[in-house]
Amino acid sequence: MIPSVLPTYSRAPLHFVKGEGSWLIEEDGRRFLDLGSGIAVAALGHSNPVVVDALTEQAQKLWHVSNLYEIPQQQALADMLVGSTFADTVFFTNSGTEATELAVKMVRKYWYEKGQPDRVEIITFTGAFHGRSSAAIAAAPSEKMVKGFGPLLPGFHQVPWGDMEAAKAAVSDKTAAILVEPVQGEGGINVMPDADMKALRQLCDETGTLLVLDEIQCGMGRTGRLFAHEWCGVTPDVMLVAKGIGGGFPLGAVLATEEAASGMVAGTHGSTYGGNPLGCAVGLAVVGAITAEGFLSEVQRKSALLRQKLEGLVAENPEVYESVRGSGFMLGIKCKASNTDVLTAAYAEELITVPAADNVIRLLPALTLSEDEIAEAITRLDKTARRVVKGA
Ligand SMILES: *Cc1c(COP(=O)(O)O)cnc(C)c1O
């Protein structure tokens, strides 16, 4: 008999009833150190008082009005994002997938309005993940995500990750945009080298192609800058944001330059919930905290410390762990043992990590992770390794 919850996930038998910062409390009282943050969502930790206050204060005033009316919280959050990024304009969504959807529509509409309606193709990279809608799975068509779901939305072309020559060769007079994650998350924590990011920007400039960055996982302070692309000094034309921006409240956004967004006039797109007062009040608190003086430098300092300790951990447990990769607090441990065995052993040590492709476990802690918690994480990862070796 089918479970009452549609069984599209294979779930660990853990029932968390409370969250406090980097800790999740199980129904039975066990305290798990959370290095997953609900897949990079709880950026400021669980039940952060700043976010709780913003939510409860707004909840007592007004939860929702339609986008048929002006929404001051949405305006303020858009102004804040425009003020701290390349972007001139923002559309709010409820999820990352919806941000991907709008980006696909936006770049196609851009070329339509420019009188080049054949420029519809979007180039993506292997290992990419852009969400679960029909457009998003067509953009990143791994077998398990697309099999049986055809016909897929046409107009996507995938090239091998890291192969800049293939990217160059793929751009034609049909290309609307290149869509890429500066740091792949689901794909196994793969950082695009600065030189490749710059080469993509140059390729886009030379051919008029729009550069769309999916910073849904790597953005919002995760790498130690507000957005990951800031490390290499190039800016996109369009950027997708979600996960961390709501700190746990469903919120996403598409950020764009005035030029890239020029086709999106009244009536061309919409959302019932996107940008409502409750979501934007939370977003304001989260973005405000992450952009506050000194916050990101602390993320850089603490993530460097975690990484250094992880290198030591890997060196000491070579039969279980192979290498460390990533950027800031978006780290992956490539495993020698099976990553699912490591993940399960970590649960037994009351430690939460997240699996990814390429036999990697992901560490995506709250950006507020403390030095003591870093030490505790290493202790638990060390015990996890010993547990895996013993086969327990
Ligand atoms: C999670 C994720 C998405 C999809 O976001 P949802 O909120 O799950 O729809 C898209 N792209 C990347 C890089 C992601 O990590």
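The rules behind the values
Residues numbered from 1 in each chain as written. Predicted model: local features only at pLDDT ≥ 70, side-chain atom pairs only at ≥ 80, totals over all residues. Heavy atoms only, no water. Domains from an automatic or database assignment. Buried area = accessible area lost by both parts, 1.4 Å probe. Salt bridge = Lys/Arg side-chain N within 4 Å of Asp/Glu carboxyl O. Helix = DSSP H or I, 4+ residues; strand = E, 2+ residues; numbered from the N terminus. Buried < 20%, exposed > 50% of the residue type's maximum accessible area, 1.4 Å probe, protein only. Polar contact = N/O pair within 3.5 Å; in protein donor to acceptor, adjacent residues only side chain to side chain. Core = buried A, V, L, I, M, F, W, Y, C linked by side-chain atoms within 4.5 Å. Pairing = 2+ DSSP bridges. Near = heavy atom within 4 Å. Areas by Shrake-Rupley, 256 points an atom, 1.4 Å probe, with all protein chains shown as cover. Nonpolar A, V, L, I, M, F, W, Y, C, P; charged D, E, K, R; others polar. Axes fitted to C-alpha atoms, helices over the stretch in contact; angles between N-to-C directions. Phe/Tyr/Trp six-rings, centres within 6.5 Å; stacked < 30°, edge-to-face > 60°. Lys NZ or Arg CZ within 6 Å of the ring centre and 35° of its normal. Contact = heavy atoms within 4.5 Å.

(A) Broad picture of the domain arrangement of the protein chain. Splitting the protein chain by domain gives domain 1 (16-34 + 294-390) and domain 2 (50-290). Taking only C-alpha atoms, the centre of domain 1 and the centre of domain 2 are 28 Å apart. The largest per-residue losses of area from domain 1 upon contact with domain 2 belong to Leu296, Met330 and Arg362, which jointly make up 38% of the total buried on that side. In this assembly, domain 1 and domain 2 are joined by one salt bridge. With its nearest N and O atoms 2.9 Å apart, the salt bridge here joins Arg362 to Glu186.

(B) How the structure looks around the side chain of Ser133. Position of Ser133 among the secondary structure elements: in the loop between β5 (121-125) and α5 (134-139). With a relative accessible area of 16%, Ser133 lands in the buried category. Within the structure, Ser133 has its side chain in polar contact with the side chain of Glu101 (distance 2.5 Å).

(C) Broad picture of the nonpolar core. If you look at the biggest cluster of nonpolar residues, it comprises 56 residues, and the most contacted ones within it are Phe92, Leu255, Ile290, Leu310, Tyr321, Ile333 and Leu381. In terms of residues, this core owes the most to one element, helix α10 (residues 295-316), which gives seven residues. Counting only domains with at least three residues in this core, you end up with domain 1 (16-34 + 294-390) and domain 2 (50-290). Among the nonpolar cores identified, the runner-up in size contains 25 residues, and Ala138, Ala139, Ala176 and Ala260 belong to it.

(D) Spatial organisation of the pairing of β5. Of all five residues in β5, four are buried; the element is thus mostly enclosed. The sheet contact formed by β5 and strand β7 (residues 175-180) spans three bridges and is parallel. When the bridges of β7 are listed, Glu121 appears paired with Thr175. Pairing analysis gives four bridges linking β5 to strand β6 (residues 156-159), with the strands arranged parallel. Across the sheet, residue Ile123 finds its bridge partner in β6, namely His157.

(E) Region of interest: the site of the ligand. Around the ligand, the structure places Ser95, Gly96, Thr97, Phe129, His130, Gly131, Glu181, Asp214, Ile216, Gln217 and Lys243. The separation between an oxygen atom of the ligand and a polar main-chain atom of Gly96 is 2.8 Å. For the ligand, the accessible surface in isolation is 380 Å², of which the surrounding protein chains cover 82%. Residues that form the shell around the ligand fall into these classes: two nonpolar, six polar and three charged.

(F) The sheet that holds β5, seen in detail. If you trace the seven strands from one edge of the open sheet to the other, you get β4-β12-β11-β10-β7-β5-β6, paired in mixed fashion. Pairing within the sheet leaves two strands with one partner each, and these edge strands are β4 (89-93) and β6. Between one strand axis and the next, the sheet turns by 20 degrees as a mean value, whatever way the strands run. Of the strand pairs in this sheet, strand β11 (residues 238-241) and strand β12 (residues 252-256) are connected by four bridges, and their pairing is antiparallel. Among the inter-strand pairings, Leu240 is bridged to a residue of β12, identified as Val254.

(G) Expanded view of the packing of aromatic side chains. Scanning all chains against the criterion turns up three aromatic pairs. Taking 4.9 Å as the distance between ring centres and 85 degrees as the angle between the ring planes, the aromatic pair formed by Tyr110 and Trp111 counts as edge-to-face. Across the pair, exposure class does not vary: Tyr110 and Trp111 are buried alike. Looking at Arg108, its charged tip hangs above the ring of Phe156, at a distance of 5.5 Å from the centre. Looking at Arg225, its charged tip hangs above the ring of Trp231, at a distance of 5.0 Å from the centre.

(H) Just the environment of Gly221, in detail. Structurally, Gly221 can be placed in the loop between β10 (210-214) and β11. Note on Gly221: relative accessible area 0%, which makes it buried. For the pair Gly221 and Thr272, spaced 51 residues apart in sequence, the C-alpha separation works out to 28 Å. Setting aside anything within four residues of it in sequence, one finds Gly221 in contact with Leu226, Ile290, Leu296, Val299 and Leu367.

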